[in-house]
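The chain contents come next:
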Amino acid sequence: MRVSAEASGSRVVSVGAYRPARVVTNAEICERIDSTDEWIRRRSGIVSRRFADETETVISMAAAAGRQAVLRAGLEPTDIDMVLLATMSRVQQSPPAAPQVAHELGATTAAALDLGAACAGFCHGIAIADGLIWAGSARHVLVIGSEKMTDIIDPTDRSLAFLFADGAGAVVVGPAPEPGVGPVVWGSDGARAGLIGHPEPYTSMLEKPDFWPTMSMAGPEVFRWAVQEVTATARAAVTMAGLVPAEVAAFVPHQANARITDRMVAGLDLTSSCVVARDIETAGNTSAASIPLALDALLATADAPRGSALLVGFGAGLSYSAMVVDLPNA
């Protein structure tokens, strides 16, 4: 293991992303559900999203995003000690996906594991990566969120079909002389597990051969939970990092719904100079991939923010996590 004794913290070194080529407008979505472009924009903030084709998988998209992050970090794939893959949409139960992603990348000596924390999975992954580096168990960790949500959503479900989409994002977390990843504030609420998820397991197909289990969500309840409780988690993460809201340069929440983001911004007392990620407008809700995709979009702008970013993940489980990270320079 190539662990540096000089490192006293970790930081996000680079970001990578993969977006499927197919752009799907609200008009196309409305061909299969009883809705309108205006209603979808008003309820979610989504104008378009990306859908993967049959050749684009959770594994292939993860590898593409991870490869870009490793390249941007100035590293070789063999420099990666651990691959953490956050996903909720891979429908093949085994073998795990992360070792296959590591193989496609050429990270032949890396440990690799899947994280099952749904939309909170990416932030969970950064927290784990930070802990591995602090402990001296890894030097460079590749954290990936990759989702093909179109595999687990009923395209005729008016409550969900317009929300979810596909894509992958990744970051390299590496050693730093000073901590660049703040303490994680995280938790779970299994008592409300039924608010988001699959009401029936895939084994139900044994009795109903023509049946394909799809995800469901109690939208209003999830909205209230995110606005009330996850906002408090985000606020605690800022405090744990030793900052005040005015010092946060960027806010990158899970891209669940533009209205949730707006309510969180108001509840966090962020300043007008804080850049708020709104990748949902053209990416939709990509679950564990949404935060790294939004980070990649922010850093690609001409006036990309510099300094500290507040990351907040929340979703099925219910699971949630938040932390402040120093943004990479590119």
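Procedures and definitions
- Residues numbered from 1 in each chain as written.
- Predicted model: local features only at pLDDT ≥ 70, side-chain atom pairs only at ≥ 80, totals over all residues.
- Heavy atoms only, no water.
- UniProt positions renumbered as here; feature names shortened; annotations may be inferred.
- Helix = DSSP H or I, 4+ residues; strand = E, 2+ residues; numbered from the N terminus.
- 1 Å grid on protein atoms, 1.4 Å probe; cavity = no way out; pocket = protein on both sides within 12 Å on 5 of 7 lines; lining within 4 Å.
- Points joined across faces, edges and corners; volume = space filled by probe spheres on them.
- Nonpolar A, V, L, I, M, F, W, Y, C, P; charged D, E, K, R; others polar.
- Domains from an automatic or database assignment.
- Salt bridge = Lys/Arg side-chain N within 4 Å of Asp/Glu carboxyl O.
- Buried < 20%, exposed > 50% of the residue type's maximum accessible area, 1.4 Å probe, protein only.
- Expected span 1.5 Å × (residues − 1).
- Bend = angle between axes of the 7 residues up to and from the residue.
- Buried area = accessible area lost by both parts, 1.4 Å probe.
- Pairing = 2+ DSSP bridges.
- Axes fitted to C-alpha atoms, helices over the stretch in contact; angles between N-to-C directions.
- Contact = heavy atoms within 4.5 Å.
- Polar contact = N/O pair within 3.5 Å; in protein donor to acceptor, adjacent residues only side chain to side chain.

**Observations regarding the UniProt feature "domain: Beta-ketoacyl-[acyl-carrier-protein] synthase III C-terminal" (unreviewed entry) in the protein**
When the UniProt feature table is mapped to this numbering, "domain: Beta-ketoacyl-[acyl-carrier-protein] synthase III C-terminal" (unreviewed entry) covers residues 241–326. Between the C-alpha atoms that bound residues 241–326 there is a distance of 11 Å. The span itself is 29% helix and 28% strand.

**Considering the layout of surface pockets**
What the largest pocket holds in volume is close to 500 Å³. Forming the boundary of the largest pocket are 26 residues, of which Leu163, Met217, Gly219, Pro220 and Asn257 lie nearest the centre. Mapped onto the lining of the largest pocket, the elements with two or more residues apiece are α2 (37–44), α6 (219–240), α7 (258–268) and β13 (308–315). It is α6 that contributes the most residues to the lining of the largest pocket, four residues altogether. Residue composition of the lining of the largest pocket, grouped by class: 17 nonpolar, six polar and three charged. Both of domain 1 (9–179) and domain 2 (182–326) provide at least three residues apiece to the lining of the largest pocket. In this model, the second largest pocket occupies a volume close to 430 Å³. Looking at which domains feed residues into the lining of the second largest pocket, each of domain 1 (9–179) and domain 2 (182–326) gives three or more.

**Considering the pattern of salt bridges**
Opposite charge on two side chains permits them to pair, given that their charged atoms come into close proximity. Taken as a whole and assessed by the stated rule, the structure comprises nine salt bridges. Between Asp296 and Arg72 there is a salt bridge, with the nearest N and O atoms lying 2.8 Å from each other. You can see Asp296 sitting in helix α9 (residues 290–299) and its partner Arg72 sitting in helix α3 (residues 58–72), a full 224 residues away along the chain. A residue is classified by how much of its surface remains accessible, and Arg72, at 45% relative accessible area, is partly exposed. Residues participating in the shared-partner salt-bridge network are Arg19, Arg72 and Asp296.

**Topic: empty space enclosed by the protein**
Taken as a whole and assessed by the stated rule, the structure comprises one cavity of 30 Å³ or more. Approximately 30 Å³ is the volume found for the largest cavity. The residue makeup of the lining of the largest cavity, split by class, is two nonpolar, one polar and three charged.

**Looking at α6**
Under the 1.5 Å per step criterion, the end-to-end length of α6 is 30 Å for 22 residues, consistent within 8% with the ideal 32 Å. The axis of α6 is deflected most strongly, by about 30°, at Ala226. Val222, Phe223, Trp225, Ala226, Val227, Val230, Thr231, Thr233, Ala234, Ala237 and Val238 are the residues of α6 that are buried. Directly beyond the C-terminal end of α6, a positive phi value near 75° is found at Gly242.

**A few points about the domain arrangement of the protein**
Splitting the protein by domain gives domain 1 (9–179) and domain 2 (182–326). Counting each side, the surface lost to burial between domain 1 and domain 2 is near 3,500 Å², with a carbon and sulfur contribution of 64%. For domain 1, the biggest contributors to the area lost against domain 2 are Arg19, Cys119 and Cys123; these three give 17% of the whole. In this assembly, domain 1 and domain 2 are joined by two salt bridges.

**Some remarks on the sheet that holds strand β6 (residues 141–148)**
Two pairing modes exist for strands in a sheet, parallel and antiparallel, and in both the strands are linked by backbone hydrogen bonds. Pairing is mixed across the open sheet formed by five strands, whose spatial order is β1-β7-β6-β4-β5. For this open sheet the edge positions go to β1 (9–18) and β5 (111–115), each flanked by a neighbour on one side alone. The mean angle between the axes of side-by-side strands here comes to 20°, regardless of whether they run parallel or antiparallel. Alignment of β1 against strand β7 (residues 166–176), held across nine bridges, turns out to be antiparallel. What sits directly across from Gly16, in β7, is Ala170. Relative to β1, α9 is tilted by about 90°, and along the sheet it contacts β1 and β7.

**Comments concerning the side chain of Asp166**
Here Asp166 shows up in strand β7. A polar contact of 2.8 Å, which involves the side chain of Asp166, links it to the backbone nitrogen of Met149. Each residue touching Asp166, except ones within four places of it in the same chain, is listed here: Pro20, Arg50, Phe51, Ala52, Met61, Glu147, Lys148, Met149, Thr150 and Thr286.

**Examining unusual backbone geometry**
Here the bond from Ser94 into Pro95 is cis, since omega is 0°, no more than 30 degrees from zero. Structurally, Pro95 can be placed in the loop between β4 (82–86) and α4 (98–105). Between Gly317 and Leu318 the backbone carries a cis peptide bond, its omega angle lying at -15°. Among the structural elements, Leu318 can be located in the loop between β13 and β14 (319–326). Phi is positive for Asp269, which is not a glycine, with a value near 60°. When you line up the elements, Asp269 lands in the loop between α7 and β12 (275–276).

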